[in-house]
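Summary of structural features
The residues making up each chain are set out below.
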Amino acid sequence: MEIKGTPEYILEDINTNVIDVVLAKSLMPKRCDNSHKGDYGKLLIIGGSKGMTGAPAMAAEAAIKCGCGLVSVAIPESLNDILEVKLTEAMTVPMS
């Protein structure tokens, strides 16, 4: 087994299962050319507080990159402007 940048002796000593690009692509469902992002699931992330907008922003970005369709982030109203700037592909839901 070879993992780019990982010395072979490390992999010999542990029981590993490696998901490489080829395996990952084979596990991902094919998307139709005429589909809409709403066809691929909906996710609501609830989080964030003053000074802590990073976690919900990173969770939203990761969900989008993993193929989730519609991603919404419910955050305190006071943080909406910050998350609107950080997130261009996810929707924000300001909460009182």
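Just above, that's the structure.
1. Some details on the overall build of the protein chain
Per the secondary structure count, the protein chain includes four helices and three strands. Walking the protein chain from its N terminus toward its C terminus, one meets helices and strands in the order α-α-β-α-β-α-β. Its C-alpha atoms give the protein chain a radius of gyration of 18 Å, clearly above 12 Å, the size a compact globule of 96 residues would have. Summarising its shape, the C-alpha atoms of the protein chain cover approximately 55 × 40 × 20 Å along the three principal directions.

2. Details of a nonpolar patch on the surface
A cluster of nonpolar side chains, Leu44, Ile46, Val93 and Met95, forms an exposed patch at the surface whose accessible area comes to about 390 Å². Sorting the residues of the nonpolar patch by element identifies β1 (42-46) and β3 (91-95) as the ones contributing at least two each. Structurally, Val93 is set in strand β3.

3. Some details on the sheet that holds β1
Taken in spatial order, the three strands make up an open sheet running β1-β2-β3, and their pairing is parallel. At either margin of the open sheet sits one strand with a lone partner, and together these are β1 and β3. Ignoring strand direction, the axes of neighbouring strands in this sheet form an average angle of 25 degrees. Sheet topology note: the strand β2 (residues 70-76)/β3 ladder contains five bridges and is parallel. Paired with Ala74 across the strands is Val93, a residue of β3. Sitting on the sheet, helix α3 (residues 54-65) touches β1 and β2, and the angle it makes with β2 is about 175 degrees.

So, how was this worked out
Residues numbered from 1 in each chain as written. Predicted model: local features only at pLDDT ≥ 70, side-chain atom pairs only at ≥ 80, totals over all residues. Heavy atoms only, no water. Helix = DSSP H or I, 4+ residues; strand = E, 2+ residues; numbered from the N terminus. Rg over C-alpha atoms; globule rule 2.2 N^0.38 Å. Patch = residues over 30% accessible without salt bridge, like charges linked within 9 Å, V, L, I, M, F, W, Y side chains within 5 Å. Areas by Shrake-Rupley, 256 points an atom, 1.4 Å probe, with all protein chains shown as cover. Salt bridge = Lys/Arg side-chain N within 4 Å of Asp/Glu carboxyl O. Pairing = 2+ DSSP bridges. Axes fitted to C-alpha atoms, helices over the stretch in contact; angles between N-to-C directions. Contact = heavy atoms within 4.5 Å.

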